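Below, each chain spelled out in residue letters.
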Amino acid sequence: MPPSHVRSREAFQRACRLIPGGVNSPARAFGAVGGQPPFIERGEGAYLHDIDGNQYVDYVGSWGPLILGHAHPRVVRAVEDAMRRGASFGAPTEAESHLAELIVDAVPSIEMVRLVSSGTEASMSAIRLARGFTRRDGIVKFAGCYHGHVDSLLVQAGSSATTLGVPTSPGVPVGCTADTMVLRYNDVQGVADAFAAHGDRLAAVILEPVVGNMGLVRPTDEFLETLRRHTEKYGTLLIYDEVMTGFRLAYGGAQQLFHQMPDLTVLGKIVGGGLPVGAYGGRADVMKHVMPSGPVFQAGTLSGNPLAMAAGIATLEELRDRPPYARLDELGERLSTGLGEAARSAGLPHCVARVGSMWTLFFANGPVVDYDSAKQADTARFARFFWGMMDRGFYLPCSQFEAAFLSTRHTEKHIDQTVEAARAVLAEIARA
Ligand SMILES: *Cc1c(COP(=O)(O)O)cnc(C)c1O
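A brief look at the structure comes next. (Residues numbered from 1 in each chain as written. Predicted model: local features only at pLDDT ≥ 70, side-chain atom pairs only at ≥ 80, totals over all residues. Heavy atoms only, no water.)

Remarks on the sheet that holds strand β12 (residues 358–362)
Each strand in a sheet pairs with its neighbour through backbone hydrogen bonds, running either in the same direction (parallel) or in the opposite one (antiparallel).
Here comes step 1: Strand order across the open sheet formed by three strands is β11-β12-β14, with antiparallel pairing between neighbours. Unpaired on one side and paired on the other, β11 (351–355) and β14 (404–405) mark the two borders of the sheet.
Here comes step 2: Where β11 lies against β12, five bridges are found, and the strand directions are antiparallel. Each residue of the ladder has a partner; that of A353, found in β12, is T360.
Here comes step 3: Against the sheet, helix α11 (residues 325–346) engages β11 and β12, with an angle of about 175 degrees to β11. (Pairing = 2+ DSSP bridges. Helix = DSSP H or I, 4+ residues; strand = E, 2+ residues; numbered from the N terminus. Contact = heavy atoms within 4.5 Å. Axes fitted to C-alpha atoms, helices over the stretch in contact; angles between N-to-C directions.)

Okay, here's the thing in structure tokens:
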């Protein structure tokens with residue numbers, strides 16, 4: 001029997017009267033797949049429970065942070081203990097150095113780190129720092145990469161790869177994006193051309209070293225190496241946005257997996273263990289330009305918040321003490337193989353993209369290597385897949401262009417149930 005959503009419908013109507021679109025972050029409204037979102041009552045391990053009493057196997061994990069699943073006992077205990085000592089002091093605590101030390105020890109290129117409260121804040125601050133350090137204004141980003149809702153980075157692909165950016169959102173002045181150049185992901189020649197023409201005015205290149213925000217897209221080795229070579233040659237800072245990949249693809253993030261050393265790294269999501277934390281860090285000589293040790297201003301009333309530090313520390317220590325990465329990769333392999341077979345036997349064009357515990361089933365013939373090839377996907381078909389899986393108790397990201405996640409609480413049994421459900425849904429879609 002498909003789940004009932006009577007209470008969620010009422011809750012959504014109420015929310016829509018009070019909050020724009022009924023949500024505090026747009027993807028949650030299910031616009032990309034139509035229909036209305038279930039309202040969540042609680043999470044437990046690999047499961048979400050909604051207010052109508054339905055249970056789902058969760059492949060969203062709060063969009064990435066919950067690599068340990070919901071309400072992990074070690075994280076719950078740490079936050080309870082911290083809360084009893086007081087929620088916030090606006091003064092230094094040892095917990096901040098504790099989390100900073102875990103980050104510095106884990107991420108190969110980070111020598112110093114500044115803690116903030118979201119991925120958006122971290123990437124905004126990293127861009128400001130790169131501009132302050134290099135005394136240049138130009139930024140390169142890649143179409144389909146998301147770095148939070150930072151004005152200067154809210155730019156999609158122009159029609160030609162190297163056109164100057166046009167803002168994606170009303171309210172972002174053209175002036176804010178005039179120094180942002182948008183290139184095509186994995187386009188080595190585009191990078192070479194951009195540096196040849198503008199290299200000496202580029203402060204930074206920022207990218208997701210594995211993209212999650214256009215669906216999962218993997219970089220080529222040549223792409224990563226080209227970026228490192230050109231940025232080094234021109235004195236441009238290379239920024240890896242590892243908000244999604246940090247502590248997920250490996251304990252040291254994508255840079256550890258690919259043996260790359262960016263100048264700056266942006267973190268978020270897992271580093272806060274489900275509480276609001278972001279971080280930016282990297283070369284000490286660059287980080288020392290941040291106020292008060294340097295002139296580049298950045299501040300936050302709740303930065304380094306004790307509850308958030310406690311959740312982050314507990315999460316990273318669990319990942320450090322019991323590295324789940326080989327196991328997550330095995331589960332990911334089982335899932336992607338199963339989904340691929342299910343789509344093939346249904347006769348649907350598809351491509352399963354995966355790195356470790358991040359994955360996307362694209363309804364397009366692959367390979368998906370950039371935003372243009374991602375946009376070839378059949379989003380109507382994805383929506384049918386999404387709702388078919390919801391009806392069977394599997395909660396996926398509500399857009400073709402978002403990566404799904406495994407957690408340490410998923411088991412072979414969950415994977416096999418998921419593949420079985422997908423087989424039924426995909427066969428239904430093929431018949432329709
Ligand atoms: C989620 C995300 C962000 C933004 O982080 P918020 O905490 O939502 O502000 C930035 N970059 C990447 C790669 C992300 O996945």
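The discussion continues.
Concerning the layout of surface pockets
Here comes step 1: Approximately 250 Å³ is the volume attributed to the second largest pocket.
Here comes step 2: As for the second largest pocket, its lining consists of 15 residues, and the residues nearest its centre are A82, R85, A95, P306 and A310.
Here comes step 3: Contributions of two or more residues to the lining of the second largest pocket are made by α2 (73–84), α3 (94–106) and α10 (306–321).
Here comes step 4: Looking at the lining of the second largest pocket element by element, the count peaks at six residues for α10.
Here comes step 5: Looking at the lining of the second largest pocket residue by residue, the classes come out as nine nonpolar, three polar and three charged. (1 Å grid on protein atoms, 1.4 Å probe; cavity = no way out; pocket = protein on both sides within 12 Å on 5 of 7 lines; lining within 4 Å. Points joined across faces, edges and corners; volume = space filled by probe spheres on them. Nonpolar A, V, L, I, M, F, W, Y, C, P; charged D, E, K, R; others polar.)

Description of the nonpolar core
Here comes step 1: Counting residues in hydrophobic clusters, the biggest one holds 68 residues, and the most contacted among them are Y59, I103, F247, L316, F385 and L426.
Here comes step 2: Counting only domains with at least three residues in this core, you end up with domain 1 (6–67 + 324–431) and domain 2 (73–321).
Here comes step 3: Leaving out residues up to four positions away in the same chain, F247 has contacts with I67, I103, A106, V107, G253, L267, I270, V271, L316, L319 and Y325.
Here comes step 4: By size, the runner-up hydrophobic cluster in this structure holds 42 residues, among which are F223, V368, Y371 and A403. (Core = buried A, V, L, I, M, F, W, Y, C linked by side-chain atoms within 4.5 Å. Buried < 20%, exposed > 50% of the residue type's maximum accessible area, 1.4 Å probe, protein only. Domains from an automatic or database assignment.)

Things to note about the sheet that holds strand β9 (residues 264–267)
Here comes step 1: In spatial order, the strands read β4-β10-β9-β8-β7-β5-β6; together these seven strands make up an open sheet with mixed pairing. The strands lining the two open edges of the sheet, one partner per strand, are β4 (112–116) and β6 (180–183). Between one strand axis and the next, the sheet turns through 20 degrees on average, direction left out of account.
Here comes step 2: Where strand β5 (residues 138–142) and strand β7 (residues 202–207) come together, three bridges link them in parallel fashion. The residue bridging V140 from the neighbouring strand is V205, located in β7.
Here comes step 3: Each of β4, β9 and β10 (278–282) is contacted by α3, which is oriented at about 125 degrees to β4, the strand it contacts most.

Some points on the packing of α3 against α10
Here comes step 1: As a packed pair, α3 and α10 sit with axes 9 Å apart at the nearest point and diverge in direction by 35 degrees. As α3 packs across α10, the resulting crossing turns out to be left-handed. Contacts from A95, E96, H98, L99, L102 and I103 in α3 reach M309, G312, I313, L316, E317 and R320 in α10.
Here comes step 2: Its residues assigned to classes, the contact of α3 with α10 shows seven nonpolar, two polar and three charged. (Left-handed = near helix turned anticlockwise from the far one by under 90°.)

Some words on the site of the ligand
Here comes step 1: Neighbouring residues of the ligand: S118, G119, T120, Y146, H147, G148, E208, N213, D241, V243, M244 and K269.
Here comes step 2: Within the contact set of the ligand, an oxygen atom lies 2.6 Å away from a side-chain nitrogen or oxygen of T120.
Here comes step 3: The contact in question runs from an oxygen atom of the ligand to an N or O atom on the side chain of N213, over 3.1 Å.
Here comes step 4: When the ligand sits alone it has 380 Å² of accessible area, and the protein chains cover 83% of it.
Here comes step 5: Its residues assigned to classes, the shell around the ligand shows three nonpolar, six polar and three charged. (Near = heavy atom within 4 Å. Polar contact = N/O pair within 3.5 Å; in protein donor to acceptor, adjacent residues only side chain to side chain. Areas by Shrake-Rupley, 256 points an atom, 1.4 Å probe, with all protein chains shown as cover.)

Section: the environment of D151
Here comes step 1: Examined against the element boundaries, D151 turns out to sit in the loop between β5 and α5 (174–177).
Here comes step 2: Along the chain, D151 and G171 lie 20 residues apart, while their C-alpha atoms are 8.8 Å from each other.
Here comes step 3: The contacts of D151, once residues within four sequence positions are left out, are V172, C176 and T177.

Structural notes on the environment of T226
Here comes step 1: Within the secondary structure, T226 is located in helix α7 (residues 221–234).
Here comes step 2: For the pair formed by T226 and A192, sequence separation is 34 residues and the distance between their alpha carbons is 7.8 Å.
Here comes step 3: Excluding residues that lie within four positions of it along the chain, T226 makes contacts with V188 and V191.

A short note on empty space enclosed by the protein
Here comes step 1: Under the defined criterion, the tally for this structure stands at two cavities of 30 Å³ or more.
Here comes step 2: Taken as a whole, the largest cavity spans an internal volume of roughly 90 Å³.
Here comes step 3: Of all the elements in the fold, those that place two or more residues in the lining of the largest cavity are β12 and α13 (379–391).
Here comes step 4: For the lining of the largest cavity, the element with the highest residue contribution is β12, accounting for three residues.
Here comes step 5: Partitioned by chemical class, the residues of the lining of the largest cavity number seven nonpolar, three polar and one charged.
Here comes step 6: One number sums up the size of the second largest cavity: a volume of about 70 Å³.
Here comes step 7: Lining the second largest cavity are 13 residues, and of these D58, G61, L66, S407 and H410 sit closest to its centre.

Structural notes on the side chain of E121
Here comes step 1: Assignment of secondary structure puts E121 in helix α4 (residues 119–134).
Here comes step 2: Here the side chain of E121 touches S117 through a polar contact of 2.9 Å, landing on its backbone nitrogen.
Here comes step 3: With near-sequence residues (within four places) excluded, E121 lies in contact with V116, Q298, A299 and S303.

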